[in-house]
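This is what each chain is made of:
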Protein chains: 2
Amino acid sequence: MNQPPAIDLFEALSTSRSLRRLKPDPIPDDIIRQLIEAGTKAPSGSNQQNWRFLAVTDPEKRAALAEIYRKGADLIGLRNYGEEGSPGGGGDERAQRLIAESVRYLIDHIQDPPLLLLLCAVPLPAPEPPPGYQPPLNVVRFGERSEPASILFAVQNIMLACRAFELGTCPTTLHVLHEDEVKDLLGIPEEVKTFVMMPIGYPTDRFGPVRRYPVEDVTFRDGWGNVWPG
Amino acid sequence: MNQPPAIDLFEALSTSRSLRRLKPDPIPDDIIRQLIEAGTKAPSGSNQQNWRFLAVTDPEKRAALAEIYRKGADLIGLRNYGEEGSPGGGGDERAQRLIAESVRYLIDHIQDPPLLLLLCAVPLPAPEPPPGYQPPLNVVRFGERSEPASILFAVQNIMLACRAFELGTCPTTLHVLHEDEVKDLLGIPEEVKTFVMMPIGYPTDRFGPVRRYPVEDVTFRDGWGNVWPG
């Protein structure tokens, strides 16, 4: 078994930047398994673990997924992402340009990395509601907020485990725009949701450090607008 | 400054279990700052970082938040969580009972830990849609899936940083059931969403190891139902 190289938590946290230029070199199955195992260590509501990991390694399936992904990118105008009039990223101009170039590269090459990992959610068992029952709006909103909170923490664990194995990745969601086609391709049942697709491969770019706004710019204390530490 | 104790990434990943019995002992501000900084290292869509961290440390505000939280727990029947007929957790019977006891403890005592950390999302700048424009359903769904994916990865980084500082926490969402009251209490603007509330404090229970289903039980290869490694 390939042991993960020892890496300090805070070193991993501060150097796990999204890497989108990924080589086709294969990833050993036992490493893929360890990435997924890291994901399963995340918390989920009541520890229900209703996540399912769908590891797409077959080249034809990856090529078909890539086409669906590119259709999504076209639909919301991401193929010319970062050019004038299209959505820009955070940070300064140079940082935005670099992100835009790398996003466009990923869109064109997402079939290349040897693994497209889909994070899915199966519905939790629940009592059948009475006929005609309409849940109040706040209960609907609660479901909309709490369901992703049972799936998405696993993504970050996988991202950090990728960092340890020196694998590049970047959580993406464009496939959701044509989720029905993704389900047809992979035989995913209708009631299952596909939250995130992670292309994973050995990167051509380097890891970290990540660049972020300072804590003081994004943190309040005891009330909105009271700048940290108050 | 309190340096985080060195801890290996995989040790942190596999011992960061949710801890819900938390002491009132204060957390130094510089540690709170380092927890939030760990959160900001997470990826977000286009690195837009539209998260905001609202650190509630004031005892009266915490008590008021706790009342709102308990109203949510009452609304969906969580005060008797784990008793017959109420939703149960994953795992075997003993594990379910322990989780249920700990959830009920948290509901009763959530005002005790010195920090209730709210993770919020401010809306991203977007062009004004033409009057009367109704986005297609798949674009709406894309927004619903991609928005939490720009906020929730930060939660897992904070959870892992808590582990390093030997602080207990557990991501919770019950406050969303009465989000309007949370916003009134803390002056949060209407357009801001409050995704997760993390009670954070020094735990009375011990860390890890977390117990999860094996990878083979939750992973497919190249198609739904093809058990890993295929």
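Scroll up for the structure.
Residues numbered from 1 in each chain as written. Chains lettered and ligands numbered in written order. Predicted model: local features only at pLDDT ≥ 70, side-chain atom pairs only at ≥ 80, totals over all residues. Heavy atoms only, no water.

**Observations concerning the packing of aromatic side chains**
For step 1, the next point in the chain: Taken as a whole and judged by the stated rule, the model has six aromatic pairs over all chains.
For step 2, the next point in the chain: Ring centres 4.7 Å apart and planes at 55 degrees place the aromatic pair F220 of chain B and W224 of chain B in the tilted group.
For step 3, the next point in the chain: Over the ring of F207 of chain A we find R163 of chain A, and its NZ or CZ is 4.4 Å from the ring centre.
For step 4, the next point in the chain: Over the face of the ring belonging to Y105 of chain B we find R21 of chain B, whose NZ or CZ atom lies 5.4 Å from the ring centre. (Phe/Tyr/Trp six-rings, centres within 6.5 Å; stacked < 30°, edge-to-face > 60°. Lys NZ or Arg CZ within 6 Å of the ring centre and 35° of its normal.)

**Overview of the pairing of strand β1 (residues 51–56) of chain A**
For step 1, the next point in the chain: The element β1 of chain A is extensively covered by neighbouring structure, given that six of its six residues are classed as buried.
For step 2, the next point in the chain: Where burial is concerned, the two faces of β1 of chain A agree: the one with W51, F53 and A55 of chain A and the one with R52, L54 and V56 of chain A are both buried. (Buried < 20%, exposed > 50% of the residue type's maximum accessible area, 1.4 Å probe, protein only. Helix = DSSP H or I, 4+ residues; strand = E, 2+ residues; numbered from the N terminus.)

**Here we look at unusual backbone geometry**
For step 1, the next point in the chain: Cis rather than trans, the peptide bond between G208 of chain A and P209 of chain A has omega equal to -5 degrees.
For step 2, the next point in the chain: Among the secondary structure elements, P209 of chain A is positioned in the loop between β4 (193–201) and α8 (215–218).
For step 3, the next point in the chain: Positive phi, normally seen in glycine, also occurs at N47 of chain A, with a value near 55 degrees.
For step 4, the next point in the chain: Mapped onto the fold, N47 of chain A is located in the loop between α2 (29–40) and β1.
For step 5, the next point in the chain: In the Ramachandran plot, Q49 of chain B falls in the positive-phi region, its phi being about 55 degrees despite a non-glycine side chain.
For step 6, the next point in the chain: On the secondary structure map, Q49 of chain B appears in the loop between α2 (29–40) and β1 (51–56).

**Some words on the environment of P113 of chain A**
Residues and elements named next belong to chain A.
For step 1, the next point in the chain: Relative to the assigned elements, P113 resides in the loop between α4 (93–109) and β2 (115–121).
For step 2, the next point in the chain: Sequence separation of P113 and L22 is 91 residues, and the distance between their C-alpha atoms is 5.5 Å.
For step 3, the next point in the chain: When neighbours within four sequence positions are excluded, P113 is seen to be in contact with L22, K23, R62, P199, I200 and G201. (Contact = heavy atoms within 4.5 Å.)

**Comments concerning the sheet that holds strand β4 (residues 193–201) of chain B**
For step 1, the next point in the chain: Strand order in the open sheet formed by five strands is β5(A)-β1(B)-β2(B)-β4(B)-β3(B), with mixed pairing between adjacent strands. This sheet does not close on itself; its edge strands, each paired only once, are β5 (219–221) of chain A together with β3 (168–169) of chain B.
For step 2, the next point in the chain: Bridging between β1 of chain B and strand β2 (residues 115–121) of chain B involves six bridges; their strand directions are antiparallel. Residue pairing for β2 of chain B: L54 of chain B is matched across the bridge by L118 of chain B.
For step 3, the next point in the chain: Seen against the sheet, helix α6 (residues 152–164) of chain B touches β1, β2, β3 and β4 of chain B and runs at an angle of roughly 5 degrees to β4 of chain B. (Pairing = 2+ DSSP bridges. Axes fitted to C-alpha atoms, helices over the stretch in contact; angles between N-to-C directions.)

**Things to note about a negative patch on the surface**
For step 1, the next point in the chain: Taken together, D180, D184, E190 and E191 of chain A make up a surface patch of like negative charges.
For step 2, the next point in the chain: Inspection of the secondary structure assignment puts E190 of chain A in the loop between α7 (179–186) and β4. (Patch = residues over 30% accessible without salt bridge, like charges linked within 9 Å, V, L, I, M, F, W, Y side chains within 5 Å. Areas by Shrake-Rupley, 256 points an atom, 1.4 Å probe, with all protein chains shown as cover. Salt bridge = Lys/Arg side-chain N within 4 Å of Asp/Glu carboxyl O. Lys, Arg positive; Asp, Glu negative; His and termini not counted. Charge placed at Lys NZ, Arg CZ, Asp CG, Glu CD.)

**Section: the pairing of β4 of chain B**
Residue and element names in this part refer to chain B.
For step 1, the next point in the chain: Across the nine residues that make up β4, a large majority, eight, are buried.
For step 2, the next point in the chain: Pairing of β3 with β4, which is carried by two bridges, proceeds in the antiparallel orientation. Across the sheet, the residue bridging to G168 is G201, located in β4.

**Let's talk about the interface of chain B and chain A**
For step 1, the next point in the chain: On the chain A side, the residues contacting the 92 residues of chain B number 92 residues.
For step 2, the next point in the chain: Of the roughly 8100 Å² buried between chain B and chain A, counting both surfaces, carbon and sulfur atoms make up 61%.
For step 3, the next point in the chain: Considering only the surface of chain B that becomes buried against chain A, R145, D222 and W224 of chain B emerge as the three largest contributors, covering 11% of it.
For step 4, the next point in the chain: Where chain B touches chain A, the interface holds eight salt bridges.
For step 5, the next point in the chain: Residues E216 of chain A and R33 of chain B are paired through a salt bridge, measuring 2.7 Å at the closest nitrogen-oxygen approach.
For step 6, the next point in the chain: In this assembly, chain B and chain A are joined by 46 residue pairs in polar contact (both at pLDDT 80 or more).
For step 7, the next point in the chain: No other element matches the nine residues that α6 of chain B contributes to the side of chain B that touches chain A. (Buried area = accessible area lost by both parts, 1.4 Å probe. Polar contact = N/O pair within 3.5 Å; in protein donor to acceptor, adjacent residues only side chain to side chain.)

**Brief notes about empty space enclosed by the protein**
Residue and element names in this part refer to chain A.
For step 1, the next point in the chain: Using the criterion set out here, one finds one cavity of 30 Å³ or more in the structure.
For step 2, the next point in the chain: Space inside the largest cavity adds up to approximately 30 Å³.
For step 3, the next point in the chain: Residue lining of the largest cavity: S16, R17, M159, R163, L167, G168, T169 and F207, and that is the complete set.
For step 4, the next point in the chain: Broken down by secondary-structure element, the contributors of at least two residues to the lining of the largest cavity are α6 (152–164) and β3 (168–169).
For step 5, the next point in the chain: Of the residues in the lining of the largest cavity, the class split is three nonpolar, three polar and two charged. (1 Å grid on protein atoms, 1.4 Å probe; cavity = no way out; pocket = protein on both sides within 12 Å on 5 of 7 lines; lining within 4 Å. Points joined across faces, edges and corners; volume = space filled by probe spheres on them. Nonpolar A, V, L, I, M, F, W, Y, C, P; charged D, E, K, R; others polar.)

**Some remarks on the pattern of salt bridges**
For step 1, the next point in the chain: For the coordinates displayed, the defined rule picks out 21 salt bridges over all chains.
For step 2, the next point in the chain: A salt bridge links E179 of chain A to R145 of chain B; the nearest nitrogen and oxygen atoms lie 2.9 Å apart. Residue E179 of chain A is located in helix α7, and its partner R145 of chain B is located in helix α5 (residues 137–146); the two belong to separate chains. Both residues of the pair, E179 of chain A and R145 of chain B, belong to the buried class.
For step 3, the next point in the chain: One salt bridge connects E11 of chain B with R163 of chain B, and the closest N-O pair in it is separated by 4.0 Å. Of this pair, E11 of chain B sits in helix α1 (residues 9–15) while R163 of chain B sits in helix α6, and the two are 152 residues apart along the sequence.
For step 4, the next point in the chain: One connected set of salt bridges, linked through shared partners, spans R33 and E37 of chain A together with E216 of chain B.

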